[in-house]
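Chains, contacts and geometry: an overview
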Amino acid sequence: MTSPSVKDLPDWFREGYGNVWLPYTQMQTAEDALPVVGTEGVTLELADGTKLIDGVASWWTACHGYNNPRMQEQMIAQVKNMSHVMLGGLLHEGAATLARRLADLLPGDLNHVFFSESGSVSVEIALKMAVQYWMNKGETGHQRFVCFQSGYHGDTTAAMSVSNSGGDLENEGGMHKAFSGFLQQQFLRPLPETPTEMAEFDAFLAAHKDDIAGVVMEPLIQGAGGMKFHGADILAEISASCARHDVLLILDEIFTGFGRTGTMFACEQAGITPDIICLGKALTAGTVAMAATVATDKVYGAFLSDDPDKAFMHGPTYMANPLACAAANASLDIFRDEPVLEQVKRIEGHLNQSLEQFRELPGVVDVRVKGAVGVIQMKEIKDPAAMRARFAREGVWIRPLGDVIYLTPSFTIESHELAALTQAIDKVLNSAD
């Protein structure tokens, strides 16, 4: 396909585009976004009838594909009955059921679910929980967090402070560099991968534990920071170090949760239970905005008191929105009733085989696969927007991230659709222009 001309664009696009501020986009120089008019299965339909196979599942949210009939049925029934009710002083069945189901699915005693509307906010909530946990216990200090190079936890203020997407340990680089002087300074560390580095990390926690509110990390895959992988053994050792020094461990499973890495939650592969876990994105399978911050009995217990000042003073307006709860419960029904994790295993096998061909291409640094995540690490991608347009002309929606080309497809994707994605990558990487 070619970029649509102005006369080919629908009226709603031409009349409204100038009023929309797009994410991560320099609006003065960016090419127009593509006008989407419909979705079905794993495809996006554009205004001119072109269909693109979505290789990233709308930022890895649409785990069961688009327009899943089981989800639609439950969401339609919910919106006819009750689209929203505040959670302040009220409770509805969908929220109670979803909280119980999440507690049953999560490892250990992660039993206490605080709902919100976005992953970034769920991280903000986790950070606030951790700081107040220590305050409620009567321990001073504990105001800073340990976070890791290449980590990404969202674009809200505190979430930015524990992120290092695209930056390094020596400078203020990365996507949030404009705010470096505004953000609280945290303890930014390299992710320990060798025994020596792990010993150094353990020593750091021992030396600073009285200042640390918690350790924040993405388990197994650092997503938006470059799709960087680490082993379950590393996660287990970090967890053990936190336990040894009485430091809270916060796991951000907004990307990795709900089957993406091959298990329902990535932390299962390390056999650990964090003190707080953040969930989002695929929680509602790409239908409605929703997130959750789930705490263990230990963390929750620090907020129980006759003193009202020890309550957790946070309350997103749309938390536990009934429509979002219906979507999340419908998604969990699909995980319960259908072989979803087998679908992930099939995708992993396909990606392992099909992406390997790119390893020897000029400019390719690495190829790696974990669950339904496939990554081609490039030496550099000079013009990601131009590459994205090339992919669209090949009939696929793939959005390069920094120096990586990645695939995070819906779990329902068929083998021929996966093949179409890798064939498009082959054409683009082997193209002379």
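Whatever comes next refers back to the structure up there.
For clarity, every value in this text was computed on a predicted model and none was experimentally measured.

Further remarks concern the overall build of the chain. Tallying secondary structure elements over the chain gives 13 helices and 16 strands in all. Its C-alpha atoms give the chain a radius of gyration of 22 Å, near enough to 22 Å, the size a compact globule of 433 residues would have. Projected onto the principal axes, the alpha-carbon positions of the chain cover approximately 65 × 55 × 45 Å. Buried residues in the chain amount to 51% of all 433 residues. The contacts in the chain between residues at least 6 apart in sequence include a share of 70% that link residues at least 24 apart. Counting every atom, the chain has about 19,500 Å² of accessible surface; 51% of that belongs to carbon and sulfur. Separation of charge centres in the chain, based on 32 positive and 54 negative side chains, amounts to 2 Å.

We now examine the nonpolar core. Counting residues in hydrophobic clusters, the biggest one holds 119 residues, and the most contacted among them are Phe115, Val215, Ile238 and Phe258. Residues in contact with Ile238, not counting those within four places in the same chain, are Phe148, Leu191, Pro192, Met198, Phe201, Val215, Met217 and Leu249.

All right, on to the sheet that holds strand β3 (residues 51-54) then. Pairing in this open sheet of four strands is mixed, and the strands run β1-β2-β3-β15 from one edge to the other. Either end of the sheet is taken by a strand with one partner, and the two such strands are β1 (36-40) and β15 (396-397). Alignment of β1 against strand β2 (residues 43-46), held across four bridges, turns out to be antiparallel. Residue pairing for β2: Gly38 is matched across the bridge by Glu45.

Another aspect to go through is the sheet that holds strand β6 (residues 187-189). The strand order across the open sheet built from seven strands is β4-β12-β11-β10-β7-β5-β6, with neighbouring strands paired in mixed fashion. The two strands at the open ends of the sheet, each matched to only one other strand, are β4 (110-116) and β6. Neighbour to neighbour, the strand axes of the sheet diverge by 20° on average, direction disregarded. Here β4 runs beside strand β12 (residues 291-296); their pairing, made up of six bridges, is antiparallel. Following the sheet pairing, Val113 is matched in β12 by Val294. Running at roughly 25° to β12, helix α5 (residues 119-136) makes contact with β4, β5 (144-148), β7 (212-217), β10 (249-252), β11 (276-279) and β12 of the sheet.

How each quantity is defined
Residues numbered from 1 in each chain as written. Predicted model: local features only at pLDDT ≥ 70, side-chain atom pairs only at ≥ 80, totals over all residues. Heavy atoms only, no water. Helix = DSSP H or I, 4+ residues; strand = E, 2+ residues; numbered from the N terminus. Rg over C-alpha atoms; globule rule 2.2 N^0.38 Å. Buried < 20%, exposed > 50% of the residue type's maximum accessible area, 1.4 Å probe, protein only. Contact = heavy atoms within 4.5 Å. Areas by Shrake-Rupley, 256 points an atom, 1.4 Å probe, with all protein chains shown as cover. Lys, Arg positive; Asp, Glu negative; His and termini not counted. Charge placed at Lys NZ, Arg CZ, Asp CG, Glu CD. Core = buried A, V, L, I, M, F, W, Y, C linked by side-chain atoms within 4.5 Å. Pairing = 2+ DSSP bridges. Axes fitted to C-alpha atoms, helices over the stretch in contact; angles between N-to-C directions.

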